Amino acid sequence: MDRRRRLTDHCSFSSFSKCLTRHLNLSLQADFSSRVLRGRVALTVEVLEDKFSSLTLDTKDLKIFKVSANGQAAKFELGAQHGFKGSPLEITLPFELSRGQHVIVEVEYETSPSASALQWLSPAQTAGKKHPYLFSQCQATHCRTMVPCQDTPSVKHTYYAQVSVPKELIAVMSAVRDGQEADPTDSSRVIYRFRQPVGSHSLFFSVVCSVSCREIGPRSRVWSEKEHVDQAAFEFTETETMLKTAESLAGPYVWGQYDLLVLPPSFPYGGMENPCLTFVTPTLLVIAHEISHSWTGNLVTNKTWEHFWLNEGHTVYLERMIGRAMEGEQFRQFKAIGGLKELQEAVHQFGANNAATNLVVNLEGVNPDECFSCVPYEKGFALLYHLEELMGGPEVFMGFVKSYIQMFAYSSVTTEQWKDYLFTYFKDKVDILNKVDWNGWMHTPGMPPFKPQYDTTLADACNALAQRWTKDADLSGFSEADIKQLSSHQLIEFLALLLLQDPLPTSHVKRMQEVYKFNSINNSEIRCRWLRLCVKSEWEDAVPLALKMATEQGRMKFTRPLFRDVYNFAKFRDEAVKVFKEHRNEMHSVTAMLVAKDLKVDQSTGL
């Protein structure tokens, strides 16, 4: 019995042990007045067993009108709703097929206005204030609210899509643009076409909005609302340099285009690595991480979300190797120190015995969105860095990462397959690998069993300044000169260090503002940590600023901790809940769900 037959994806109903989607043809119309997508999808399905006559697709909150198989009507039934997993679409074919045969299953359907993959913005919520805006976000289990499919990273397929939109808007997708034409059924609409010839899992990504674009390199454009497009083009001028650096480390970029789309601030993540078209938010200043996902995440993918660390740990490793090539080894070491601090804070937040801090998690009955944290990123990186040191250094271990990408390109893998290949590649060092505490790394909660010793050269100044603020009672000795020579990365580290300590007295953060003027800094990474520090020190003046930042953008990395810290300031607990309730409808559904959980707001009643 092969691995696919034994594998279970706890987050999917789809019968991917019986059949696999090889290609998907999508035809949709975006209806802004009803806030729905309607149309049809045709799935080319390869059969993996004999006497095959039924299959199951993932859906959630979809209206299913009609199903056919090779043009013949097929019986179908929507099963009961199961929380985040949605409802299985059980399809019975009007014929029987054998292993190796293909069938085209076509479904006519409509999405729900509350589809969690789709965020519909009114004109007032955009920069231009004239046109509405739609974007999709399908990770981890939201694609099924946009299209009936095998919504699991175990399944990769090519796709073709055409999207009809009002003619004053533009559609873009995670695919190569394939032309446009007037909609023959409605003169007020335009049809945009896209093709994705490289197999990828169901992170369909689409945006319908009023955008402009600028060329930023030989294979890259940046897309944004026209009010911000020139600034966006300026911000991402290093894109081609980073792509070339990544190619020198990991092998050829196979996706053709590498475009960026700057989304409205309500997007819940800093970026999203959709093939050909990466999502970024206005708060994301460095895109090395999203570029790295073109290899680890898109080309080689975790087989189920339990193995998410394979995507993110390798991507952080590659991102920091790009940083090493461009900025030097000390910079890579410094970023690793910062990552370790973020991991410590996440473990503290979850609790050191919480299984959500395992590298390989058990998602049976668990919504993967609720486990989202930096653990797979930073614990994953820490393991790879530990192995790098054991195996012979960065050049040696990057050789393994490149070979792993080549070995598993265009496929999805489990931790066991990764580990087997690690032992095969380093067959002369198996005795060293056998001494690694694999259970401690993979299946044990809390911090890693081995703490890497990073080069602290760039961190020493941050540590020294943080120690002064925690130990000096006399505040008159601090001045603007303290931070004059520190980079923005070092300021982030300085504030991160203070956040791990007991709260400073209010007098200290007030003095810090007097001499360092942190309130005037717009860098989101610095601003979030600074405002959190102030709130934890119970400086009341910082509370409105913290809530403003928590609601002006929707990136969970910032929004969740800011709301949590204000909520934990007893005097302002009710204010945190009140502000959240006022803004929850503007938030992405994933962000709203998790902040409600943080603030103990009943999600069914809103109380």
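Residues numbered from 1 in each chain as written. Predicted model: local features only at pLDDT ≥ 70, side-chain atom pairs only at ≥ 80, totals over all residues. Heavy atoms only, no water.

Topic: the overall build of the protein
Next up, step 1: What the protein contains, in helices and strands, is 19 helices and 22 strands.
Next up, step 2: Here the C-alpha radius of gyration of the protein, 25 Å, is about what a compact globule of 607 residues would show, namely 25 Å.
Next up, step 3: Taken along its principal axes, the extent of the C-alpha atoms in the protein is 85 × 65 × 50 Å.
Next up, step 4: Within the span of the protein, comprising 607 residues, buried residues form 59% of the whole.
Next up, step 5: Across the protein, the fraction of contacts at a sequence separation of at least 24, relative to all contacts at a separation of at least 6, is 70%.
Next up, step 6: The centroid of the 65 positive side-chain charges in the protein is displaced by 1 Å from the centroid of its 71 negative side-chain charges. (Helix = DSSP H or I, 4+ residues; strand = E, 2+ residues; numbered from the N terminus. Rg over C-alpha atoms; globule rule 2.2 N^0.38 Å. Buried < 20%, exposed > 50% of the residue type's maximum accessible area, 1.4 Å probe, protein only. Contact = heavy atoms within 4.5 Å. Lys, Arg positive; Asp, Glu negative; His and termini not counted. Charge placed at Lys NZ, Arg CZ, Asp CG, Glu CD.)

Observations regarding the packing of aromatic side chains
Next up, step 1: The tally for this structure, following the rule as stated, stands at 32 aromatic pairs.
Next up, step 2: On the basis of an interplanar angle of 85 degrees and a centroid distance of 5.8 Å, the ring pair of Phe408 and Tyr421 is categorised as edge-to-face. Within this pair, whereas Phe408 is found in helix α8 (residues 394–408), its partner Tyr421 is found in helix α9 (residues 415–425), the two being separated by 13 residues in sequence. For the pair shown, Phe408 and Tyr421 are each scored as buried.
Next up, step 3: Note on Phe563 and Phe580: the rings are 6.0 Å apart at their centroids and 80 degrees apart in plane angle, and the pair reads as edge-to-face. Within this pair, whereas Phe563 is found in helix α17 (residues 556–568), its partner Phe580 is found in helix α18 (residues 573–583), the two being separated by 17 residues in sequence.
Next up, step 4: A relative accessible area of 0% places Phe563 in the buried class.
Next up, step 5: Here the aromatic cluster, defined as three or more aromatic residues joined through ring pairs, consists of Tyr317, Phe381, Tyr385, Phe397, Phe400, Tyr404, Phe408, Tyr421, Tyr425, Phe426 and Tyr454. (Phe/Tyr/Trp six-rings, centres within 6.5 Å; stacked < 30°, edge-to-face > 60°.)

Describing the UniProt feature "binding site: a peptide" (unreviewed entry) in the protein
Next up, step 1: As annotated by UniProt and renumbered to match this structure, "binding site: a peptide" (unreviewed entry) occupies Gln137, Cys138, Gln139, Pro268, Tyr269, Gly270, Gly271, Met272, Glu273, Arg555, Met556 and Lys557.
Next up, step 2: Tracing the backbone shows Met272 in strand β19 (residues 271–272).
Next up, step 3: In this structure Met272 comes out as buried when scored by relative accessible area, which is 3%.
Next up, step 4: Beyond its immediate stretch of four places on either side in the chain, Met272 contacts Gln137, Gln139, Phe267, Leu277, Thr278, Phe279 and Glu290. (UniProt positions renumbered as here; feature names shortened; annotations may be inferred.)

Comments concerning the sheet that holds strand β12 (residues 170–173)
Next up, step 1: Spatially, four strands are ordered β9-β10-β15-β12 in an open sheet, and the strand pairing comes out antiparallel. A strand with exactly one partner marks an edge of an open sheet, and here the two such strands are β9 (118–121) and β12. Going from strand to strand, the sheet's axes swing by 10 degrees on average, the running direction of each strand aside.
Next up, step 2: Direction of pairing for strand β10 (residues 133–136) relative to strand β15 (residues 206–209): antiparallel, over a ladder of two bridges. Pairing of Leu134 across the sheet is with Val208, part of β15. (Pairing = 2+ DSSP bridges. Axes fitted to C-alpha atoms, helices over the stretch in contact; angles between N-to-C directions.)

Remarks on helix α13 (residues 488–499)
Next up, step 1: Taking 1.5 Å per residue as the helical rise, α13 with its 12 residues ought to reach 16 Å, and the 17 Å between its terminal C-alpha atoms agrees with that figure.
Next up, step 2: In terms of burial, α13 is largely enclosed, as 10 of its 12 residues are buried.
Next up, step 3: Every buried residue belonging to α13 is among Gln490, Leu491, Ile492, Glu493, Phe494, Leu495, Ala496, Leu497, Leu498 and Leu499, and all of these are buried.
Next up, step 4: Residues of α13 that are buried in the fold lie against α6 (329–350), α12 (460–471), α14 (506–516) and α15 (524–536). (Expected span 1.5 Å × (residues − 1).)

Some thoughts on the UniProt feature "binding site: Zn(2+)" (unreviewed entry) in the protein
Next up, step 1: Per the UniProt record, "binding site: Zn(2+)" (unreviewed entry) is annotated on His289, His293 and Glu312. Over a stretch of 24 residues, the named residues converge on one spot in the fold, their C-alpha atoms separated by at most 9.1 Å.
Next up, step 2: Position of His289 among the secondary structure elements: in helix α4 (residues 288–292).
Next up, step 3: Taking relative accessible area as the criterion, His289 reaches 12% and is therefore assigned buried.
Next up, step 4: The contacts of His289, once residues within four sequence positions are left out, are Glu312, Thr315, Val316, Glu319 and Tyr377.
Next up, step 5: Residues within four places of His293 in sequence aside, it is in contact with Glu273, Asn298, Leu299, Asn311, Glu312 and Thr315.

Considering the sheet that holds strand β6 (residues 75–78)
Next up, step 1: With antiparallel pairing, the three strands of this open sheet are ordered in space as β3-β7-β6. Edge strands, defined here as strands with exactly one partner in the open sheet, are β3 (52–59) and β6. With direction set aside, neighbouring strand axes in the sheet form an average angle of 20 degrees.
Next up, step 2: Sheet topology note: the β3/strand β7 (residues 87–97) ladder contains seven bridges and is antiparallel. Bridging across to β7, Ser54 finds its partner in Thr92.

Let's talk about unusual backbone geometry
Next up, step 1: That bond from Gln139 to Ala140 is cis: its omega, 0 degrees, falls within 30 degrees of zero.
Next up, step 2: Tracing the backbone through its elements, the reader meets Ala140 in the loop between β10 and β11 (157–166).
Next up, step 3: Positive phi outside glycine occurs at Arg35, with the angle close to 60 degrees.
Next up, step 4: Take Arg35: it is sitting in the loop between β1 (19–31) and β2 (36–47).
Next up, step 5: Phi at Lys517 is positive, roughly 55 degrees, even though this residue is not glycine.
Next up, step 6: Mapped onto the elements of the fold, Lys517 is located in the loop between α14 and α15.
Next up, step 7: Residue classification places Lys517 among the partly exposed positions, given a relative accessible area of 46%.

What to know about the state of the cysteines
Next up, step 1: Counted according to the given criterion, the structure contains zero disulfides.
Next up, step 2: Distance from the sulfur of Cys149, which forms no disulfide, to the nearest cysteine sulfur (Cys143) is 4.0 Å. (Disulfide = S-S within 2.5 Å.)

Comments concerning the pairing of β7
Next up, step 1: Bridge analysis of β6 against β7 gives four bridges, and the strand direction is antiparallel. The residue bridging Glu77 from the neighbouring strand is Glu90, located in β7.

Notes on the nonpolar core
Nonpolar side chains tend to gather and get buried jointly when the protein is soluble and globular.
Next up, step 1: Formed by 131 residues in total, the largest nonpolar core has its most connected members in Trp418 and Phe494.
Next up, step 2: When residues in this core are grouped by element, the largest group, nine residues, is from helix α7 (residues 375–391).
Next up, step 3: Core analysis: the next-biggest nonpolar cluster, separate from the first, contains 49 residues, Leu37, Ala115, Leu134 and Met173 among them. (Core = buried A, V, L, I, M, F, W, Y, C linked by side-chain atoms within 4.5 Å.)

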